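Summary of the model geometry
Residue-level listing of the chains:
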Amino acid sequence: MPNSEFFDVLEVRDPEAREDALMGALAAHVAQAKASAPYYARLLADVAPDAICTRAALASLPLTRKSDLVAIQAEHPPFGGLTTIPAGRLARIFVSPGPIYDPEAGGRDYFRFARALYATGLRSGQILHNTFSYHLTPAGVMLECGARALGCAVVPAGPGNTELQARAIAHLRPQAYAGTPDFLKTILEKGDELGLDLSSIRRGHVTAGPYFPALRQYYAGRGLTVLQSYGTADLGLIAYESEAREGMILDEHVIVEIVRPGTGEVVPDGEVGEVVVTLLSPEYPLIRFATGDLSAVLPGRSPCGRTNTRIRGWLGRADQATKVRGMFVRPEQVAEIARRFPELGRLRLVVERAGDADAMTLHAEAAEPAPGLADRLAEALREVAKLRGAVALASPGSLPNDGKVIDDRRPVG
């Protein structure tokens, strides 16, 4: 769609047509993963791929957790059997903290960031000043490949060297910045200090860190359009912001579910839960990949005209395991208690200090508490977590919708 405000026609599809296309691709995707990736051959041994053609069917499949990748890859190096092509046929191999080894297959814009950069306003013939790292981790390459796919030149600046970066911008006059949300402010302030003209930068694309309202206001005050995206080293782009600035719009090549932390159970739209992604990539066919991040689906469509589902962006971590009296308590255990008491609403296990000891209280939403409910919940907590704790019953809807099932309030240090 040359000279369009949209990257391609996929962004403005009828939502039903998009859903039909995604579900139509899903069964073939599962079949290919099962046939060509040893990990999925084992995990999905009893699954008939042809049956996985709806979201309900997808939700019946097991999760693969990002937090387990280190162990999975250590047992079956280099990629845990999750890839479908030999390592030597990849374009690049990255090393992320963990360490986790991330594959990049060949092809144009493998991580799909061109769509997000286009929504930020980057156009062919412009220059992107890219401050993401090019050392081992994939962020620098992700943004560079997206910009190159748009026909843009890239300054591979990497992080740090603030004065040199400011001088390079003043000399090369790039129109856009890519990097963490706060580093652009650091560069601009260094330019002010040195008396440099950095006014060529009119747009910024930020990710890999919180984008606080005060920072948004700072950039707006300088007349800059700075938008954000959400992605991971494994999945590439998941969602991106448009100039409407109302949530993040899902990429066109992922299927996203929001599930209750500690489970694979999909939550209703609007409920905060863990982001689970199925990546429609033939080389790295991640299926129900649990990111450990929290978000929620936003209702309605974006005012910008893009029709895909929106999420609220990154809202924290779903990996809320904590140690209490020397034993780990995990979201999966709270989920097991919820399974035993389906009549309840939200549950939240609060961990605090009572004097010199750890104390747990299970807060549970109950519309019409049956006699003895609190005692039965306390017994279930003891059975599941192997620890004793108090129970506090709450009215429906009174616990926060923030995805937390374990709230550790103990002071640090």
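All of these numbers come straight from a predicted model, not from anything done at the bench.

Criteria and cut-off values
- Residues numbered from 1 in each chain as written.
- Predicted model: local features only at pLDDT ≥ 70, side-chain atom pairs only at ≥ 80, totals over all residues.
- Heavy atoms only, no water.
- Helix = DSSP H or I, 4+ residues; strand = E, 2+ residues; numbered from the N terminus.
- Rg over C-alpha atoms; globule rule 2.2 N^0.38 Å.
- Buried < 20%, exposed > 50% of the residue type's maximum accessible area, 1.4 Å probe, protein only.
- Contact = heavy atoms within 4.5 Å.
- Areas by Shrake-Rupley, 256 points an atom, 1.4 Å probe, with all protein chains shown as cover.
- Lys, Arg positive; Asp, Glu negative; His and termini not counted.
- Charge placed at Lys NZ, Arg CZ, Asp CG, Glu CD.
- Salt bridge = Lys/Arg side-chain N within 4 Å of Asp/Glu carboxyl O.
- Expected span 1.5 Å × (residues − 1).
- Axes fitted to C-alpha atoms, helices over the stretch in contact; angles between N-to-C directions.
- Parallel < 35°, antiparallel > 145°, perpendicular 65-115°, else oblique.
- Left-handed = near helix turned anticlockwise from the far one by under 90°.
- Nonpolar A, V, L, I, M, F, W, Y, C, P; charged D, E, K, R; others polar.
- Phe/Tyr/Trp six-rings, centres within 6.5 Å; stacked < 30°, edge-to-face > 60°.
- Lys NZ or Arg CZ within 6 Å of the ring centre and 35° of its normal.
- Pairing = 2+ DSSP bridges.
- Core = buried A, V, L, I, M, F, W, Y, C linked by side-chain atoms within 4.5 Å.

Across its full length, the protein chain holds eleven helices and 21 strands. For the protein chain, the C-alpha radius of gyration of 23 Å lies close to 22 Å, the compact-globule estimate for 413 residues. Dimensions of the protein chain, computed from C-alpha atoms along their principal axes, come out at roughly 75 × 50 × 40 Å. The 413 residues of the protein chain split such that 50% are buried. By sequence separation, contacts in the protein chain at least 24 residues apart represent 64% of the contacts at least 6 residues apart. Roughly 18,200 Å² of accessible area belongs to the protein chain as shown, and the carbon and sulfur atoms make up 54% of that amount. A gap of 2 Å separates the mean positions of the 45 positive and 49 negative side-chain charges of the protein chain.

With that settled, the discussion passes to unusual backbone geometry. The step from Pro77 to Pro78 runs through a cis peptide bond, and the omega angle for that step is 0 degrees. Counting through the fold element by element, Pro78 comes out in the loop between helix H4 (69-75) and strand E2 (92-96). Cis peptide bonds are those with omega within 30 degrees of zero, and the linkage from Gly98 to Pro99 qualifies with -5 degrees. Backbone geometry places Arg173, a non-glycine residue, at a positive phi of 60 degrees. One non-glycine residue, Lys386, adopts positive backbone phi at about 60 degrees. Looking at the element boundaries, Lys386 is found in the loop between helix H11 (373-385) and strand E20 (390-394).

What follows deals with the pattern of salt bridges. When charged atoms on two side chains of opposite charge get close, those side chains can pair. Summed over all chains, the structure comprises 36 salt bridges. For Asp8, the salt bridge goes to Arg115, with nearest N and O atoms at 2.9 Å. Of this pair, Asp8 sits in the segment before helix H1 (15-36) while Arg115 sits in helix H5 (residues 114-120), placing them 107 residues apart in sequence. By relative accessible area, Asp8 is classed as buried at 16%. Residue classification places Arg115 among the buried residues on the basis of a relative accessible area of 4%. The salt bridge partner of Asp407 is Lys404, with a shortest N-O separation of 3.6 Å. Look at Asp407 and you get buried, because its relative accessible area is 8%. A single network of salt bridges, built from pairs that share partners, joins Asp8, Glu11, Arg112, Arg115, Asp251 and Arg306.

Turning next to helix H8 (residues 183-194). A rise of 1.5 Å per residue sets the reference length of H8, with its twelve residues, at 16 Å; its end C-alpha atoms lie 17 Å apart and thus fit the reference within 8%. The elements touched by buried residues of H8 are helix H7 (162-172), strand E6 (176-179), helix H9 (213-221) and strand E8 (225-232).

On to the packing of helix H10 (residues 331-340) against H11. Pairs of packed helices are described in terms of their axes, by the angle between the two and the distance that separates them. Taken N-terminus to C-terminus, the directions of H10 and H11 make an angle of 140 degrees; their axes are 10 Å apart at the nearest point. In this view, H10 runs oblique relative to H11, as classed from their interaxial angle. As H10 packs across H11, the resulting crossing turns out to be right-handed. Seen from H10, the contacting residues are Gln333, Glu336, Ile337 and Arg340; seen from H11, they are Leu377, Ala380, Leu381, Glu383, Val384 and Ala385. Split by residue class, the contact of H10 with H11 holds six nonpolar, one polar and three charged.

Throughout the structure, instances matching the rule amount to six aromatic pairs. Taken together, the aromatic side chains of Phe94, Tyr110 and Phe111 make up a single cluster linked through ring pairs. Above the face of the Tyr118 ring, Arg123 is positioned so that its terminal group lies 3.5 Å from the ring centre. Above the face of the Tyr218 ring, Lys185 is positioned so that its terminal group lies 5.0 Å from the ring centre.

For the rest of this paragraph, the subject is the sheet that holds strand E13 (residues 289-295). Spatial ordering of the open sheet is given by E1-E13-E12-E11, a layout of four strands whose pairing is mixed. Only two strands of the sheet have a single partner each, and these edge strands are strand E1 (64-65) and strand E11 (254-259). Bridge count for strand E12 (residues 273-279) against E13 is four bridges, and the pairing is antiparallel. Note on E13: the bridge partner recorded for Val277 is Phe289.

Tyr40, Leu122, Val256, Leu286 and Ile287 are the most contacted members of the largest nonpolar core, which has 69 residues in total. Top element by residues in this core is helix H6 (residues 139-149). It accounts for six residues. In this view, Leu286 contacts His29, Tyr40, Leu82, Asp234, Leu235, Val277, Thr278 and Leu279; residues no more than four positions away in its chain are not counted. By size, the runner-up hydrophobic cluster in this structure holds 22 residues, among which are Val334, Val351, Met360 and Leu362.

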